[in-house]
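Architecture and fold: a report
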Amino acid sequence: MKPLGRHVLAEIYGCDFEMLNDANKVEKVMVNAALEAGAEIREVAFHKFSPQGVSGVVVISESHLAIHTWPELGYAAVDVFTCGDKVDPWDACNFLTGEFHAKHLTAKEMKRGILPDILPQEAVNI
């Protein structure tokens, strides 16, 4: 059975401190990553921590992109979850890696929503 979605969990290392510590820049890069992947943006929410770090989410029609940054470590934890065939989560991850001037990307893809061909209605309502 074809999965409902693809979920990429990315570890992005060696990033620029100033970039990862600027909520406006991180938000812009995340929004552009969603657009680069062909997603339709619905909502955006980002928060700047003190003394450093940014967390945020871009809600897309096809699911979401989320990020948590540790600028002092040059590290960003990113997840990109997309449903359907229109949006490729790897396009977003690769875009982010370039924009954050990362030296290294480690990522894994999980298939989400792999359901049996015949699923009893009771199982859907659990």
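In this text, all values refer to a predicted model and were calculated from it rather than measured experimentally.

About the thresholds
Residues numbered from 1 in each chain as written. Predicted model: local features only at pLDDT ≥ 70, side-chain atom pairs only at ≥ 80, totals over all residues. Heavy atoms only, no water. Salt bridge = Lys/Arg side-chain N within 4 Å of Asp/Glu carboxyl O. Helix = DSSP H or I, 4+ residues; strand = E, 2+ residues; numbered from the N terminus. Buried < 20%, exposed > 50% of the residue type's maximum accessible area, 1.4 Å probe, protein only. Patch = residues over 30% accessible without salt bridge, like charges linked within 9 Å, V, L, I, M, F, W, Y side chains within 5 Å. Areas by Shrake-Rupley, 256 points an atom, 1.4 Å probe, with all protein chains shown as cover. Phe/Tyr/Trp six-rings, centres within 6.5 Å; stacked < 30°, edge-to-face > 60°. Lys NZ or Arg CZ within 6 Å of the ring centre and 35° of its normal.

To continue, consider the pattern of salt bridges. Opposite charge on two side chains permits them to pair, given that their charged atoms come into close proximity. In total, this model carries six salt bridges according to the counting rule given. Measuring nitrogen to oxygen at the nearest pair gives 2.6 Å for the salt bridge that ties Asp 85 to Lys 2. Taken as a pair, Asp 85 in the loop between β5 (75–83) and α3 (89–99) and Lys 2 in the segment before β1 (5–13) lie far apart in primary sequence, 83 residues in all. Judged by relative accessible area, which is 51%, Lys 2 ranks as exposed. Between Glu 109 and Arg 6 there is a salt bridge, with the nearest N and O atoms lying 2.8 Å from each other. In this pair, Glu 109 is assigned in strand β6 (residues 104–112) and Arg 6 in strand β1, connecting sequence segments 103 residues apart. Relative accessible area serves as the criterion here: at 24%, Arg 6 is assigned to the partly exposed category. Connected through salt bridges with shared partners, the residues Arg 6, Asp 88, Glu 109 and Lys 111 form a single ionic network.

A cluster of nonpolar side chains, contributed by Met 1, Leu 4, Ile 114 and Leu 115, occupies part of the molecular surface with about 410 Å² of accessible area. Here Met 1 lies in the segment before β1. We classify Met 1 as exposed; its relative accessible area is 59%.

Under the counting rule described, the total for this entry stands at two aromatic pairs. With a centroid separation of 5.2 Å and 35° between ring planes, the pair formed by Tyr 13 and Tyr 75 is classed as tilted. Of this pair, Tyr 13 sits in strand β1 while Tyr 75 sits in strand β5; the two residues are 62 residues apart in sequence, bridging distant segments of the chain. Look at Trp 70 and Tyr 75: their rings are 5.3 Å apart centre to centre, the planes differ by 40°, and that puts the pair in the tilted class. Linked through ring pairs, Tyr 13, Trp 70 and Tyr 75 together constitute an aromatic cluster. The aromatic ring of Phe 81 is capped on one face by Arg 112, whose charged end is 5.1 Å from the ring centroid.

Limitation: the analysis is restricted to geometry and does not speak to function.
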